Amino acid sequence: MTDRHPLFEPLIFVGGIVFGFGLGFSHMARPEVVLNFLQFEDLGLPFVMFGAAIVSGIAFALLPRIRDAAPLTGDPYERRLKPFDRNVLVGGAVFGVGWGLSGICPGAAYASLGVGNVAILWALAGMFLGAYAQGYWRSQRQARDTAATGAD
């Protein structure tokens, strides 16, 4: 286990507060805003996403030039490349269908609960159930693949 700075968890908490406030303030915690975006009726969501991406991009570009390691974890800054494979395509498509049906994504769902949308608990329960089902399916597939390999 990595020794982390004592402020790691409090700063993560503060980051969550800032994130949730931003989602609530920009109305992105409201599923109807997301659904309106997906129907090309409200284009505020891309501006919020691009604004966040610009701030994050600047931070990710500058911090490795200023420091060798992350200040709270001590982990070195390095690129983590994820392969663009079938899992990314299928997962993205399934995520998109769920996003379109519900009008929410995980971060916004919790923020939506925070702004008083109690009905969002159904979507959160569905997300947990879907993630559990996917994890169960993957572990069963890996066990089957391991057994097939071991039988050779």
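Because the structure is a prediction, the values reported are computed rather than measured.

Let us look at the overall build of the protein chain. Secondary structure summary: the protein chain contains 6 helices and 0 strands in total. Element order for the protein chain, N to C, with α for helix and β for strand: α-α-α-α-α-α. The globule rule puts the C-alpha radius of gyration for 152 residues at 15 Å, and the 19 Å found for the protein chain is more than 25% above it. Its C-alpha atoms put the protein chain at 60 × 45 × 30 Å along the principal axes. Evaluated residue by residue, the protein chain yields a buried proportion of 15% over its 152 residues. Here the contacts in the protein chain between residues at least 6 apart in sequence split such that 50% fall between residues at least 24 apart. For the protein chain, the accessible surface area stands at approximately 11800 Å², while carbon and sulfur atoms represent 69% of it.

Glancing now at the packing of helix α2 (residues 31–38) against helix α4 (residues 86–102). The interhelical angle for the contact between α2 and α4, taken along N-to-C directions, is 120 degrees, at an axis separation of 8 Å. Across the interface between the two elements, Pro31, Val34, Leu35, Phe37 and Leu38 of α2 pack against Trp99, Gly100 and Ser102 of α4. Classifying every residue of the contact of α2 with α4 gives 6 nonpolar, 2 polar and no charged.

Nonpolar side chains collect at one region of the surface, where Leu7, Leu11, Phe13, Val14, Ile17 and Val18 lie side by side and expose about 580 Å² of accessible area between them. Relative to the helices and strands, valine 18 resides in helix α1 (residues 8–25). Taking the relative accessible area as the measure of exposure, valine 18 reaches 56% and is therefore exposed.

Cut-offs used in this document
Residues numbered from 1 in each chain as written. Predicted model: local features only at pLDDT ≥ 70, side-chain atom pairs only at ≥ 80, totals over all residues. Heavy atoms only, no water. Helix = DSSP H or I, 4+ residues; strand = E, 2+ residues; numbered from the N terminus. Rg over C-alpha atoms; globule rule 2.2 N^0.38 Å. Buried < 20%, exposed > 50% of the residue type's maximum accessible area, 1.4 Å probe, protein only. Contact = heavy atoms within 4.5 Å. Areas by Shrake-Rupley, 256 points an atom, 1.4 Å probe, with all protein chains shown as cover. Axes fitted to C-alpha atoms, helices over the stretch in contact; angles between N-to-C directions. Nonpolar A, V, L, I, M, F, W, Y, C, P; charged D, E, K, R; others polar. Patch = residues over 30% accessible without salt bridge, like charges linked within 9 Å, V, L, I, M, F, W, Y side chains within 5 Å. Salt bridge = Lys/Arg side-chain N within 4 Å of Asp/Glu carboxyl O.

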